[in-house]
Amino acid sequence: MSPIERIPFTCTLDCGSRCELVAVVEDGRLVRIDTPPREDSPERPRLIPCVRGRAHRALVNARERVGTPLKRIGPRGSGRFAPIPWEEALDEIAGRLQELATRQAHRALLHITGAGAISGRGFSGASASHRFFSFWGPVTVTVGNMSNHCAGVAAQWMLGGQVPSSDRATLLDARLILLWGNNPAETHMAPNTAHFIAGARDRGARVILIDPRYTDSAILADEWVPIRPGTDAALAAAMAYVMETEGLVDRAFLETHTLGYAPYRDYLLGARDGQPKTPQWAEAITGVSAETTTRLAREYATVKPACLLPGWGPQRTLYGEQAARAFITLACMSGNVGLRGGGVASVGMRGGPSLAGLPRGPWGPARSLSAVSWAAEVLAGRVRPPLEMAYIVASNVINRTPNTLANIAALERIGYVVVHDPYLTPTALYADLVLPIRTDLERTDLVTSWGHDQHLFYSAQAISPPDEAQTDYWIFSRLAERLGFGRAYTQGRDEATWVDALLAQTAFDREALKREGLLRWEGEPRVELADFRADPQAHPLDTPSGRIELANPQATLYGLPIVAEYVPIAPPAGGRYPLQLITPHSEVRSNSCLAANPWLQEVEPQEIWINRLDAEARGISPRDWVEVTSPTGTVRVRAKVTERIMPGVVCLPEGAWFRPGADGVDEGGCANVLTSLQTTPTGGVATHTAWVEVKRSAR
Ligand code: SF4
């Protein structure tokens, strides 16, 4: 009997964390997923993986796995494909690319990458494909941040850019934590966030969850404050009003570290519109009682350090810029900026270790389309010259982008579509060629932290891929050879030799990295903006004044107020869609990754959350089939009747795969069937602004 091997690998699901896992392999077979036996300490725990990472075994063998190149033989979306040899598939793609290149029509190719499929960091996914097209020619790309665009805009305007966030370990020093639209128990943005919040609570901190849903993160909290989606800036304004009128504002901090409070103060007091932003004013908007808002404001203003830890949901609404700006404004008013255990509520990226990626070739993109609303451009005929080919790598784009049906229609307008993916995703079903890709466990890669830590992972190949699955790098190397720039693309290297070449440029201990699978840099936990707080003259921000700017004239260019005012969102006219829909991330998927993992879908079946009062008004009982309809489409799912969501709001977690039934209605529970292509004023995704009606369905 051959020995059991324990091989470290990295979970690269696009969740906001990176965790270390161990593949337990016997006779080449994956028999278990384990975690490394590391020492724990309260401030430096292991990178504790979640249920998604631990379920890798079912993902590797998923029913939807693709093992050989597939060529479409039926209508797009029909799922009718025939296997073809690699050589034939690569020759066909190279021929298409050569034909475009001969006509100097590179820009007629749309290259899409991004979240939504499994992607490594060194040689997989976007890294390999962007390098390829940078040698091939100037193509069309999609650009934009589907995750935290508005938080990034707020940070740019107010802080001069993203500032490195506090280490999550500093949460242990907080005495109050506002989890505002943040769900770390399920979404795991940054490893061990929930662990540190629980630790803070053990040390006496109070934790308050502000969210339309009583999420699993409520287990970390002392109190749940339900709030209507898209009204966060109103709650923040009312809290700020209480702080201002009760003399609870940290004026010393505002005077020495910020600029532009006066117009926000005028807004709070109603100097311009005659409406003071009282808790009573906010109650009608937010659904949060005036008493609760007043208490929240007093607590946040007087308990120090207090950490306002927002998630990205509030800024994924139609005026998400305002929520993100309001959070920073509140943090300044309470004087919690630069304090260990406090926080300025910024985007919160720390930046990973310095490691060069694959170098790029001479060509940049010829033009770019919005990653959120590219389909609208295509369907309106505004992309000139029109697109003739789409090359989609590591992206289940029709699932992950608002308005799935529009994305399908746009893809159908494009003559030839290639998809790289380990799975036959809904997007792959609309491809002409699907190329099978290896998963985390089946390739060697270098992986850096997602953004909150400074770790470097070496993810070793643990098992053989099924059938003929290959890496993105392998595919592009062979295409480059066919197109005459193979040597330039590979520099004569395969993945393993690239790993060594990239590491040779660093001082990292290569052998230790390969042996352990992980190098961690964690000294004294970093405190965001501590230097700036201590001496703003010596450590100015990258804003015009060097201070935190609470008034932003550039906002007016986008039709937004100069300060973090609440901007109302009107429901569609006619009253046909009375319920607000939110589409948060799920604990069992990472975007649309893992929808193919049967173990996880059993953990949390896809259902629409609806409050008991809303359900009773519609004659809906628990587990009934219902149709959820918005102006963009209809989804048929089961109802989860629950008190864990506030009345007037329903929730369908994003990421479940689009699976139309015989009548064309989606039965997979794909949330983006219901969301629109409308963007925020600065171009951010607004998927948490959607309006629907729910009715019982016969199925
Ligand atoms: S999905 Fe995210 S939190 Fe879960 S194991 Fe993977 S990297 Fe870690």
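Starting from 1, residues in each chain are numbered consecutively following that chain's sequence as written. Reporting in this predicted model follows two pLDDT cut-offs: at least 70 for local features of residues, and 80 or more for side-chain atom pairs to be given and counted; totals over whole chains, interfaces and linings ignore these cut-offs and use all residues. Only heavy atoms go into the side-chain values, all of them from the structure, while hydrogens and water stay out.

Topic: the overall build of the chain
Step number 1: Secondary structure follows DSSP: runs of H or I at least 4 residues long count as helices, runs of E at least 2 residues long count as strands, and numbering of each begins at the N terminus. Along its length, the chain carries 24 helices and 26 strands.
Step number 2: Against the 2.2 N^0.38 benchmark of 27 Å for 699 residues, the chain shows a C-alpha radius of gyration of 25 Å, consistent with a compact globule.
Step number 3: With the principal axes as the frame, the chain shows a C-alpha extent of 75 × 60 × 55 Å.
Step number 4: Of all 699 residues assigned to the chain, the portion counted as buried reaches 64%.
Step number 5: In the chain, once contacts between residues fewer than 6 apart in sequence are set aside, the share between residues at least 24 apart is 76%.
Step number 6: Every accessible area reported is derived by Shrake-Rupley at a probe size of 1.4 Å, with residue values counting cover from the shown protein chains alone. Within the structure as shown, the chain displays about 25,200 Å² of accessible surface, and the carbon and sulfur contribution to it stands at 49%.
Step number 7: Across the chain, 71 positive and 75 negative side-chain charges occur, with their mean positions spaced 3 Å apart. Taken over C-alpha atoms, the radius of gyration is set against a globule rule of 2.2 Å times the number of residues to the power 0.38. Exposed residues in this analysis have more than 50% of their type's maximum accessible area, buried residues have under 20%, and partly exposed residues fall in between, with area computed by a 1.4 Å probe over protein chains only. Any two residues whose heavy atoms approach within 4.5 Å are treated as being in contact. Neither His nor the chain ends contribute to the count of charged residues, in which Lys and Arg are positive and Asp and Glu negative. To locate a charge, the coordinates of NZ of Lys, CZ of Arg, CG of Asp or CD of Glu are taken.

Focus: the environment of glutamate 643
Step number 1: Considering the arrangement of structural elements, one finds glutamate 643 in the loop between β24 (633-642) and β25 (649-651).
Step number 2: By relative accessible area, which is 46% here, glutamate 643 ends up partly exposed.
Step number 3: If we ignore the near neighbours within four places in the chain, the residues touching glutamate 643 are Trp224, Asn611 and Arg612.

Considerations on the site of the ligand
Step number 1: Definition of nearness: a residue and a molecule or strand are near each other if at least one heavy atom of the residue lies within 4 Å of the molecule or strand. Around the ligand, the surrounding shell consists of Cys11, Leu13, Cys15, Ser17, Arg18, Cys19, Pro49, Cys50, Arg52, Gly53 and His188.
Step number 2: Tallied by class, the residues present in the shell around the ligand amount to six nonpolar, three polar and two charged. Polarity classes work like this: nonpolar for Ala, Val, Leu, Ile, Met, Phe, Trp, Tyr, Cys and Pro, charged for Asp, Glu, Lys and Arg, and polar for all others, with Gly in that last group.

Brief notes about the nonpolar core
Step number 1: With 75 residues, the main nonpolar core has Ile93, Phe132, Trp136 and Tyr391 as its most contacted residues.
Step number 2: Take this core: its biggest share by element is eight residues, from helix α3 (residues 86-102).
Step number 3: Residue ranges labeled as domains rest on an automatic or database domain assignment. There are two domains that each give this core at least three residues, and those are domain 1 (70-139 + 361-520) and domain 3 (579-696).
Step number 4: If we ignore the near neighbours within four places in the chain, the residues touching phenylalanine 132 are Leu97, Phe476, Leu479, Ala480, Leu483, Phe485 and Tyr489.
Step number 5: Core analysis: the second largest hydrophobic core is formed by 64 residues, Phe253, Ala306, Ala323 and Met333 among them. We define a nonpolar core as any set of buried Ala, Val, Leu, Ile, Met, Phe, Trp, Tyr and Cys residues linked to one another through side-chain atoms lying within 4.5 Å.

Brief notes about the domain arrangement of the chain
Step number 1: Examined at the domain level, the chain breaks down into domain 1 (70-139 + 361-520), domain 2 (149-346 + 529-556) and domain 3 (579-696).
Step number 2: Each of domain 1 and domain 2 has a C-alpha centre, and these two points are 38 Å apart.

Considering the sheet that holds strand β19 (residues 518-520)
Backbone-to-backbone hydrogen bonds join strands into a sheet, with any given pair of strands oriented parallel or antiparallel.
Step number 1: When DSSP finds at least two bridges between two strands, those strands are taken to pair. Here three strands make up an open sheet; going across it, the order is β17-β18-β19 and the pairing antiparallel. In the strand order of this sheet, the two ends are held by β17 (445-448) and β19, each with one partner. Sheet twist, expressed as the average angle between the axes of neighbouring strands with direction ignored, equals 15°.
Step number 2: Of the strand pairs in this sheet, strand β18 (residues 455-459) and β19 are connected by three bridges, and their pairing is antiparallel. Counterpart to histidine 455 in the pairing with β19 is arginine 520. For helices, the axis comes from a line fit to the C-alpha atoms of the stretch in contact; other axes are also lines fit to C-alpha atoms, and the angle between any two N-to-C directions lies between 0 and 180 degrees.

A few points about the sheet that holds strand β9 (residues 206-210)
Step number 1: Spatially, β10-β9-β8-β12 is the arrangement adopted by the four strands of the open sheet, whose pairing is parallel. With one partner strand each, in any of the chains shown, β10 (223-225) and β12 (306-310) form the two edges of the open sheet. Across the sheet, the mean angle from the axis of one strand to that of its neighbour is 20°, orientation sign disregarded.
Step number 2: Where β9 and β10 come together, three bridges link them in parallel fashion. Residue isoleucine 208 lies in a different strand from β10, and its bridge partner there is glutamate 223.
Step number 3: Running at roughly 150° to strand β8 (residues 176-180), helix α8 (residues 232-245) makes contact with β8 and β9 of the sheet.
Step number 4: Strand contacts of helix α12 (residues 290-302): β8, β9, β10 and β12, with the helix running at about 135° to β9, the strand carrying the most contacts.

What about the pattern of salt bridges?
Step number 1: Salt bridge, as applied in this entry: a Lys or Arg side-chain nitrogen positioned within 4 Å of an Asp or Glu carboxyl oxygen. Under the definition given, this model contains 38 salt bridges.
Step number 2: The residue aspartate 432 makes a salt bridge to arginine 72 at a minimum N-O spacing of 2.6 Å. One end of the pair, aspartate 432, is in the loop between β15 (416-421) and β16 (433-436); the other, arginine 72, is in strand β4 (residues 70-72), with 360 residues separating them in the sequence.
Step number 3: Take aspartate 432: its relative accessible area is 10%, and that puts it in the buried class.
Step number 4: Assessed through its relative accessible area of 25%, arginine 72 is described here as partly exposed.
Step number 5: Among the salt bridges present, the one from glutamate 607 reaches arginine 623, with a minimum N-O distance of 2.4 Å. Pair noted here: glutamate 607 is in strand β22 (residues 607-611) and arginine 623 is in the loop between α24 (612-617) and β23 (625-630), with a separation of 16 residues, a long-range link.

A word on helix α19 (residues 495-504)
Step number 1: Burial in α19 covers these residues: Glu495, Trp498, Val499, Ala501, Leu502 and Leu503.
Step number 2: Looking at the buried positions of α19, the neighbouring elements they touch are α4 (126-136), β17, β18, α17 (472-483), α18 (486-490) and α20 (510-516).
Step number 3: One side-chain oxygen at the N-terminal end of α19 lies 3.2 Å from the backbone nitrogen of alanine 496; it belongs to aspartate 494. Pairing of N or O atoms within 3.5 Å defines a polar contact, subject to two protein rules: one partner must be a possible hydrogen donor and the other a possible acceptor, and residues neighboring in sequence count only if both atoms are side-chain atoms.

With respect to the pairing of strand β14 (residues 389-393)
Step number 1: Counted residue by residue, β14 has five buried out of five residues, so it is predominantly covered.
Step number 2: A two-sided burial pattern is seen for β14, the buried positions comprising Met389, Tyr391 and Val393 on one face and Ala390 and Ile392 on the other.
Step number 3: The pairing of strand β6 (residues 109-113) with β14 spans five bridges and is parallel. Residue pairing across strands places leucine 110 opposite alanine 390, the latter belonging to β14.
Step number 4: Where β14 and β15 come together, five bridges link them in parallel fashion. Bridge pairing in β15 places tyrosine 391 opposite valine 418.

As for the packing of α8 against helix α11 (residues 279-286)
For any two helices packed against each other, the geometry comes down to the angle between their axes and how far apart the axes lie.
Step number 1: Relative orientation of the contacting elements α8 and α11 amounts to 165°, with a least axis distance of 9 Å. One way to sum up the angle between α8 and α11 is to call them roughly antiparallel. By crossing handedness, the relation of α8 to α11 is classed as left-handed. Between α8 and α11, the residues in contact are Ala234, Leu235, Ala237, Ala238, Tyr241 and Val242 and Pro279, Trp281, Ala282, Ile285 and Thr286, respectively.
Step number 2: Counted by class, the contact of α8 with α11 contains 10 nonpolar, one polar and no charged residues. Oblique is the label for any angle not under 35 degrees, not over 145, and not in the 65 to 115 range, which are roughly parallel, roughly antiparallel and roughly perpendicular in turn. Rotating anticlockwise by less than a right angle from the far helix to the near helix defines a left-handed crossing, while the corresponding clockwise rotation defines a right-handed one.

Side note on the side chain of aspartate 614
Step number 1: Mapped onto the elements of the fold, aspartate 614 is located in helix α24.
Step number 2: Buried within the structure, aspartate 614 lacks any salt-bridge partner; arginine 618 is the closest side chain of opposite charge, at an N-O distance of 4.0 Å.
Step number 3: Among the polar contacts listed, one links the side chain of aspartate 614 to the backbone nitrogen of glycine 648, at a separation of 2.6 Å.

Considerations on the state of the cysteines
Step number 1: In what follows, a disulfide is any cysteine sulfur pair within 2.5 Å. Per the stated rule, a full pass over the model turns up zero disulfides.
Step number 2: Cysteine 593 supplies the cysteine sulfur nearest to cysteine 670, a cysteine that is in no disulfide, at a spacing of 14 Å.

A few points about the packing of aromatic side chains
Step number 1: Think of it this way: a Phe, Tyr or Trp ring, Trp meaning its six-membered ring, pairs with another when their centres are within 6.5 Å, and the plane angle makes it stacked under 30 degrees, edge-to-face over 60, tilted otherwise. Going through the model one piece at a time under the given rule, you end up with 17 aromatic pairs.
Step number 2: Taken together, a centroid distance of 5.0 Å and an interplanar angle of 70° make the contact between tryptophan 86 and tryptophan 474 edge-to-face. With tryptophan 86 in helix α3 and tryptophan 474 in helix α17, this residue pair connects regions lying 388 residues apart in the sequence. The burial state of tryptophan 86 is the same as that of tryptophan 474; both residues are buried.
Step number 3: Geometrically, the ring pair formed by tryptophan 281 and tyrosine 566 is edge-to-face, given 6.3 Å between the ring centres and 75° between the ring planes. Of the two residues, tryptophan 281 sits in helix α11 while tyrosine 566 sits in the loop between α22 (553-556) and β21 (579-582), which places them 285 residues apart along the sequence. Each of the two residues, tryptophan 281 as well as tyrosine 566, counts as buried.
Step number 4: Counting every residue linked through ring pairs, the aromatic cluster contains Phe132, Phe133, Phe135, Trp136, Tyr391, Tyr473, Phe476, Phe485 and Tyr489.

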